[in-house]
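Descriptive structure summary
Now for the letters of each chain:
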Amino acid sequence: MRRRSAITGALLGLLVLLGTPSVGCAQTRPFFPRRKAPKPPPDPPAEVPDSPPPQSDPVVRAAHQEAAEPTQARRPQNILALSGGGSYGAFSAGVLNGWTRTDKRPGFDVVTGVSTGALIAPFAFLGPKYDPDVKKAYTEIRQRDVFALRSVPTIPFRDAVASSSGLRRMVEAAVTDEIMAAVAAEHRKGRRLYVGTTQLNTKKAVVWDVGGIALQGGAEARRLVCDVMVASCAIPGVFPPVPIESEKGRPELHVDGGVTATVFVPSQVLESARARSGDVAANLYVLVAGKYYPETAPVRPRLVGVLKASGGAMLRANYRKDVANLYLTSKLSGVKFHSLALRQDFGIEETSIDFDQATMNKLYVEGVKAGVDGPVWDVTPPDGGTGDADDIRTGPRRRNGRD
């Protein structure tokens, strides 16, 4: 099992080093019903009926609901952004639980999630009532519940080294009709839930309005939400890309949102949070699933070791860059910035794709402690430290003290 995890980690490192596309302009997606051919819109009724007609087209239902129940987003006061991080999402789950215990956890007007953060986001959006569900998901999970590695000789001819069937079963079991209805109800109140994926053809981030999808109701909407959440977790090369039909009826391939943004908040959200005269400043809370810096350790000059170390360094650098970017954009919008990551001295050796149950329980407990302690937020981006180019060398550093 360790050998297989090493192979998977090495492949992940290779994929990262082959080039992570820049974020570019994120595209926000509403609900697109799956249809073989578009149907002509019905003639408008003389007056809006009291209830939507039975078996009506999803687009017609959406139009009716928007006319009867305005869903204009309200000015966000509290925004939560959940980063990617695989099994380190147990830390984020624990922070939310500990934060709840302080009785100071606010209701979030906007919640965003990427990768493992996308799995937590709907439940963080719906509030502390779902803390036990999130705890169970991150403390009772086993690696075989998430993915199954394929036969090594067949990997060069497949789209990924593992099957995501286990992950999909987990998502479909969690995203129930009750959850969909609850998310839709909050969307009607003006709250927003966003999940990020990466579209392979355009190499750009795509932001999905999960509340807008849930508002449509029905099996198609639930299936799309599940597709989006699985896609947001689909580490390229480790999990297969997820085909999702576009508004033009053509399938698109979507993978892990962390490829283009490890954590995000749509710019229009921060702009709408800008305080006007007499308004209280809004708050942005960024939860990072993991450490800002990888562990310092000797690396054996072999393919697996080099790829894992290089990939880990690049991924953590992207976390720091994305958090720093959120800090700057929140400051420009007059939004108070808060961030929290796993403390650097927390001892852990597993990678984010090693879903070891004992380790995830430790991460969860550490998160609870951090949440109960305040949480103690950083109000500035990550400081320079190990891994940053904070010194300029003119040659080798000698052990005898001479430069």
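Above: the structure in question.
Rules used throughout
- Residues numbered from 1 in each chain as written.
- Predicted model: local features only at pLDDT ≥ 70, side-chain atom pairs only at ≥ 80, totals over all residues.
- Heavy atoms only, no water.
- Helix = DSSP H or I, 4+ residues; strand = E, 2+ residues; numbered from the N terminus.
- Buried < 20%, exposed > 50% of the residue type's maximum accessible area, 1.4 Å probe, protein only.
- Contact = heavy atoms within 4.5 Å.
- Areas by Shrake-Rupley, 256 points an atom, 1.4 Å probe, with all protein chains shown as cover.
- Expected span 1.5 Å × (residues − 1).
- Phe/Tyr/Trp six-rings, centres within 6.5 Å; stacked < 30°, edge-to-face > 60°.
- Lys NZ or Arg CZ within 6 Å of the ring centre and 35° of its normal.
- Core = buried A, V, L, I, M, F, W, Y, C linked by side-chain atoms within 4.5 Å.
- Axes fitted to C-alpha atoms, helices over the stretch in contact; angles between N-to-C directions.
- Parallel < 35°, antiparallel > 145°, perpendicular 65-115°, else oblique.
- Left-handed = near helix turned anticlockwise from the far one by under 90°.

**Side note on the overall build of the protein chain**
For the protein chain, the helix and strand inventory stands at 13 helices and 11 strands. For the protein chain, the proportion of its 403 residues judged to be buried stands at 50%. Within the protein chain, contacts between residues separated by at least 24 positions form 80% of all contacts whose residues are at least 6 apart in sequence. Carbon together with sulfur atoms contributes 55% to the accessible area of the protein chain, which is approximately 20,300 Å² in total.

**Focus: helix α10 (residues 219-232)**
The periodicity of an α-helix, 3.6 residues per turn, causes residues three or four places apart in sequence to face the same way. For α10, which comprises 14 residues, the first-to-last C-alpha distance of 20 Å matches the rise-based estimate of 20 Å (1.5 Å per residue) to within 8%. In terms of burial, α10 is a largely internal element, 10 of the 14 residues being buried. Within α10, burial applies to A221, L224, V225, C226, D227, V228, M229, V230, A231 and S232.

**A closer look at the environment of G117**
Turning to its location among the elements, G117 is positioned in helix α4 (residues 116-126). Its relative accessible area of 0% is what places G117 among the buried residues. In this structure the C-alpha to C-alpha distance between G117 and A289, which are 172 residues apart in sequence, comes to 7.9 Å. Apart from residues no more than four positions distant in its own chain, G117 is found in contact with L82, S83 and G84.

**Things to note about the packing of aromatic side chains**
Across all of its chains, the model carries 7 aromatic pairs by this definition. With a centroid separation of 6.0 Å and an interplanar angle of 55 degrees, the aromatic rings of F123 and Y130 are classed as tilted. The exposure class assigned to F123 is buried, which follows from its relative accessible area of 10%. Overall, Y130 belongs to the buried group, its relative accessible area being 9%. Aromatic rings pair up to connect W99, F108, Y285 and W377 into one cluster. Between the NZ or CZ atom of R191 and the centre of the ring of F125, over which it lies, the distance is 4.1 Å.

**Some words on the side chain of E186**
Looking at the element boundaries, E186 is found in helix α8 (residues 177-188). Of the residues examined, E186 reaches a relative accessible area of 16% and is grouped as buried.

**Here's the deal with the environment of D378**
Tracing the backbone through its elements, the reader meets D378 in the segment after α13 (357-372). Using a relative accessible area of 37% as the deciding quantity, one classes D378 as partly exposed. Contact partners of D378, with chain neighbours within four places excluded, come to F337, H338 and S339.

**Here's the deal with the nonpolar core**
If you look at soluble globular proteins, the nonpolar side chains tend to sit buried side by side. Membership of the largest hydrophobic core comes to 66 residues, with the highest contact counts inside it found for L80, L82, V111, I120, Y138, V171 and L287. The contact partners of L287, leaving out residues within four places of it in the chain, are L80, A81, L82, S83, S92, V95, L96, L340 and W377.

**A few points about the packing of α4 against α8**
For the pair α4 and α8, interaxial distance at closest approach is 10 Å and the crossing angle is 60 degrees. Between α4 and α8, the interaxial angle falls into the category oblique. Once α4 is placed against α8, the crossing between them reads as left-handed. The segment α4 lies against α8, with F123, F125 and L126 engaging I179, A182, V183 and E186.

**Description of unusual backbone geometry**
Each neighbour pair has its own omega, and for G374 with P375 the value is -10 degrees, a cis peptide bond. Turning to its location among the elements, P375 is positioned in the segment after α13. Non-glycine residue D103 carries a positive phi angle of around 60 degrees. Relative to the elements of secondary structure, D103 occurs in the loop between α3 (89-101) and β3 (110-114). With a phi close to 55 degrees, S115 is a non-glycine residue in the positive phi region. For S115, a relative accessible area of 7% translates into the label buried.

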